[in-house]
Amino acid sequence: MILSRIKPALGGHQPESHGKAIPTLEFFLSNRDYTGAITLLEFEQSSGKSTQLTDQWLGYCAFHLGDYKKAMDIYSRLVQEPDRPEDASINLACSYFFLGLYEEAQKALEQTPKSSLKRRLQFHLAHKLGYENQLMELHQQLENVTEDMLCLAALHYLRSSYHEAIDIYKKILLDNRVPHLTRQSNDIEFVEALTQFTQYIALNVYVALCYYKLDYYDMSQEVLATYLQKFPDSAIALNLKACNYYKLENVKAAENEIMSLLEKISPSFIFGQDIIKHNLVAFRDGAGALQILPPLVDIISEARLNLTIYYLKQGEYMEAYELLKNLEPTVSYEYILKATVNAVIGQETNSRELIKAAQQYFQLVGNSVSECDTIPGRQCMASAFFFQRKFDDVHLYLSSIKSYFFKDDAFNFNYAQAKSALGNYKEAEETFSRLQNDKLQNDYVYITHMARCYIMQGKAQAAWELYLKMDTSTESLSLLQLIANDCYKKGEFYHAAKAFDLLERLDPTPEHWEGKRGACIGVFQLIVADRQPTNLLSDIIQLLRNSTNPQVESIIRVIKRWAKERKINI
């Protein structure tokens, strides 16, 4: 991992000396108090006590503090000097790299003599700039030394090859003769060896990051604890500890860790501030997203993704689409998010192209070796089959993970639709009934599916009440048509007649009259067969009289004659 170990000035790092002795530069550096070191160096500069090393130390301290802009300015001046330091250009290139100025870093390296650091920086630049051929060439040039191996592990991490990165860390432990550890050692044995190994203690942070990415949050915490025992104020480690808490669903503990970290850092502390603020937004379920995330979109990759998620939750789908439209996904969660955005916009705009793209993205994740047996992988396969209307497969995949999402509204919404499509109306109704989200309960898809579930179980009145609660709109008209046709098919003729009557009054077409006529006659037949009460006869006659069709009177005469013969008062 390309990480800096940083300790901000906390205000309490005074030397334990008598009197008012001024702390030395060595004191500040040994305590990793780069803010204090910069203050001392700048004071010496302003008082005319600086030496030729002062600028170099200022650049060093600014870089390790995370103030890469200041480091860049210092090294830019140094490379212009006639007797410039040998490492000025490579340090300038490193500053450019951490600022994301990769082309500038490449140019700076042209003025740099060959060195192992130059090779490692070129290696990472090739990755950042997408120069795959150059990357492979530089890979071959890496040596079997700790620094180069850590560089390679960092690249594996950046490419989501976390197991490969861990294998490198395991090899470093083996090369340093860690007892009871072999290449065949499992993760638990590896963690135990790592927590007892102090020569390269930063490996604990790197391995913890890998385990975090692999969703092994407990293991990540265990490894991280070893590092925090020695460096309890490490911004990187404390931030990762908070993220582990968040993933382990201890949101309060996560937020407390971040707030504690923010209280410790001074205003001059730059490194990690952006990621800390970003994570606090995530821990607070998007609170402050529009204030914090937009400036970080091109700095922290997750900021773009989390801002997209925020827009999706707010129903601002086009804003989410604009954020991701130029993103080429490389890891599973990017594919999933891009698929989701394409699916939403595709359904909103009836774009077959976007829906097909969403289906392909979902399928890529679901079929991948790394995700096919994971919960997100199965969700993706279910989504892909949903778009293909292969509801047997949708139901199969969702059933395999339903125990994890019993109270999840989004999951139950999709699961119930799949059940309904397969004709499992009782189970579909039960699943729909678990939804707590008011927005979903008022969604047209929910209402129409619930109406069908009711009708198919002989509860047509419940479906009719759903219609009565709706305001007049094109959606209420569509629901009325669904009730009319489904009730007719199911033999719920009374509610079919009422629905067709309303439809005929809104749009007096022959189809609506024929539907009402057939439904009214169906109700009459059920009354004749003693399967419906006779008091419905007057309702049926009234419904028929709402029509101007010449067949009305002949049908009413037949009904009245039958009622008169049986002495039924209508």
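Every chain is numbered independently, its residues counted from 1 as its sequence is written. A pLDDT threshold of at least 70 governs which residues receive local features in this predicted model, and a stricter bar of 80 or more applies before side-chain atom pairs are shown or counted, although totals over entire chains, interfaces and linings include all residues. Side-chain measures here rest on the full set of heavy atoms in the structure, leaving out hydrogens and waters.

Q: Give me the lowdown on the overall build of the protein chain, citing residues and values where you can.
A: Check the secondary structure of the protein chain and you find 33 helices and zero strands. The size measure is the radius of gyration over C-alpha atoms, and the globule rule it meets is 2.2 Å times the number of residues to the 0.38 power. Here the protein chain has a C-alpha radius of gyration of 35 Å; the compact-globule value for 570 residues is 25 Å, and the former is much larger. A principal-axis box enclosing the C-alpha atoms of the protein chain has dimensions of 120 × 55 × 50 Å. Relative accessibility decides the category of a residue: with a 1.4 Å probe and only protein chains considered, values under 20% of the type maximum give buried, values over 50% give exposed, and everything between is partly exposed. Looking at the protein chain residue by residue over its 570 residues, the buried ones come to 47%. Taking the intrachain contacts of the protein chain between residues at least 6 apart in sequence as the baseline, contacts between residues at least 24 apart amount to 48%. Helix numbers and strand numbers start at the N terminus; a helix is a DSSP run of H or I with at least 4 residues, a strand a run of E with at least 2. Contacts are residue-level and defined by heavy atoms, with any inter-residue pair within 4.5 Å sufficient.

Q: How would you sum up unusual backbone geometry? Please name residues and give values.
A: The residue asparagine 350 is not glycine, and still its phi comes out positive at about 55 degrees. Along the chain, asparagine 350 falls in the loop between helix H20 (332-349) and helix H21 (352-367). With a phi close to 60 degrees, lysine 567 is a non-glycine residue in the positive phi region. Among the secondary structure elements, lysine 567 is positioned in the segment after helix H33 (551-565).

Q: So what's going on with the confidence of the model for the protein chain? Which residues, and what values?
A: With 92% of its residues at a pLDDT of at least 70, the protein chain reaches an overall mean of 89. One number per residue, pLDDT, summarises how confident the predictor is, and it ranges from 0 to 100. Contacts for the low-pLDDT stretch residues 1-18, under 50 throughout, to residues beyond four places or in other chains number 57 contacts.

Q: Account for the nonpolar core, with residues named and values stated.
A: Residues belong to a common nonpolar core when they are buried Ala, Val, Leu, Ile, Met, Phe, Trp, Tyr or Cys residues joined through side-chain atoms within 4.5 Å. Counting residues in hydrophobic clusters, the biggest one holds 52 residues, and the most contacted among them are Phe123, Tyr169 and Tyr211. With nine residues, helix H12 (residues 203-213) is the largest single contributor of residues to this core. Ranked by size, the runner-up nonpolar core spans 49 residues in total, among them Ile483, Ala499, Trp513 and Ile559.

Q: Residues and numbers for the packing of helix H22 (residues 375-387) against helix H23 (residues 391-399), please.
A: Relative to each other, H22 and H23 sit at 165 degrees, their axes nearing to 8 Å. Here H22 lies roughly antiparallel to H23, going by the angle between them. As H22 packs across H23, the resulting crossing turns out to be left-handed. Residue-level inspection shows Arg378, Met381, Ala382, Phe385 and Phe386 of H22 in contact with H23, the latter providing Phe391, Asp393, Val394, Tyr397 and Leu398. Taken together, the residues that form the contact of H22 with H23 break down as eight nonpolar, no polar and two charged. Comment: axis = line fitted to C-alpha atoms, over the contacting stretch for helices; angle = value between 0 and 180 degrees taken between N-to-C directions. For classification purposes, angles smaller than 35 degrees are called roughly parallel, those larger than 145 roughly antiparallel, those between 65 and 115 roughly perpendicular, and all remaining angles oblique. Crossing handedness follows the turn of the near helix against the far one: under a right angle anticlockwise gives a left-handed crossing, and clockwise gives a right-handed one. Each residue receives one of three labels: charged for Asp, Glu, Lys and Arg, nonpolar for Ala, Val, Leu, Ile, Met, Phe, Trp, Tyr, Cys and Pro, and polar for the others, Gly being one of them.

Q: Break down the state of the cysteines for me, citing the residues and quoting the values.
A: The disulfide criterion used throughout: a pair of cysteine sulfur atoms within 2.5 Å. On inspection of all chains with the given rule, the structure shows zero disulfides. As a non-bridged cysteine, cysteine 151 has cysteine 94 as the owner of its nearest cysteine sulfur, 11 Å distant. You can see cysteine 487 has no disulfide; the closest cysteine sulfur is in cysteine 453, sitting 13 Å from it. For cysteine 487, a relative accessible area of 0% gives the class buried.

Q: Please set out the packing of helix H3 (residues 54-65) against helix H4 (residues 68-78) residue by residue, giving values where relevant.
A: Between two packed helices, what matters for the description is the angle formed by their axes and the separation of those axes. It is the contact of H3 with H4, at a shortest axis distance of 8 Å, that shows an interaxial angle of 155 degrees. For the element pair H3 / H4, the angle class is roughly antiparallel. In the crossing of H3 with H4, the sense of the turn from one axis to the other is left-handed. Across from Asp55, Gln56, Leu58, Gly59, Tyr60, Ala62 and Phe63 in H3, the residues of H4 making contact are Tyr68, Lys70, Ala71, Ile74, Tyr75, Arg77 and Leu78.

Q: Before we move on, can you summarise the packing of aromatic side chains with the specific residues and values?
A: Stacked, edge-to-face and tilted are the three classes for Phe, Tyr and Trp ring pairs, Trp counted by its six-membered ring, which pair at centre distances within 6.5 Å; planes under 30 degrees apart are stacked, over 60 edge-to-face, the rest tilted. Taken as a whole, this structure holds 27 aromatic pairs when the rule is applied. Look at phenylalanine 97 and phenylalanine 98: their rings are 5.8 Å apart centre to centre, the planes differ by 80 degrees, and that puts the pair in the edge-to-face class. On the basis of relative accessibility, which here comes to 7%, the residue phenylalanine 97 falls in the buried class. Taken together, the ring pairs connect Phe63, Tyr68, Phe97, Phe98 and Tyr102 into an aromatic cluster.

Q: Residues and numbers for a negative patch on the surface, please.
A: Distance thresholds for patches are 9 Å for like charges and 5 Å for nonpolar side chains (Val, Leu, Ile, Met, Phe, Trp, Tyr), applied to residues having over 30% relative accessible area and no salt bridge. Working definition of accessibility: Shrake-Rupley area with a 1.4 Å probe, residue cover restricted to the visible protein chains. By convention in these notes, a salt bridge is any Lys or Arg side-chain nitrogen within 4 Å of a carboxyl oxygen on Asp or Glu. Neither His nor the chain ends is counted toward charge; the positive residues are Lys and Arg and the negative residues Asp and Glu. Charged groups are reduced to one reference atom each: NZ for lysine, CZ for arginine, CG for aspartic acid, CD for glutamic acid. On the surface, Glu189, Glu192, Asp218 and Glu222 cluster together into a negatively charged patch. Tracing the backbone shows aspartate 218 in helix H13 (residues 217-230). By relative accessible area, which is 57% here, aspartate 218 ends up exposed.

Q: Lay out a nonpolar patch on the surface with the relevant residues and their values.
A: On the surface, a nonpolar cluster with roughly 260 Å² of combined accessible area is contributed by Leu53, Trp57 and Tyr60. Mapped onto the secondary structure, tryptophan 57 falls in helix H3. Take tryptophan 57: its relative accessible area is 31%, and that puts it in the partly exposed class.

Q: Kindly report on the environment of isoleucine 201, identifying the contributing residues and their values.
A: Assignment of secondary structure puts isoleucine 201 in the loop between helix H11 (187-195) and H12. A residue is classified by how much of its surface remains accessible, and isoleucine 201, at 8% relative accessible area, is buried. A sequence separation of 325 residues divides isoleucine 201 from leucine 526, and the C-alpha atoms of the two residues are 83 Å apart. Setting aside chain neighbours within four positions, we find isoleucine 201 in contact with Thr226, Tyr227, Lys230 and Phe231.

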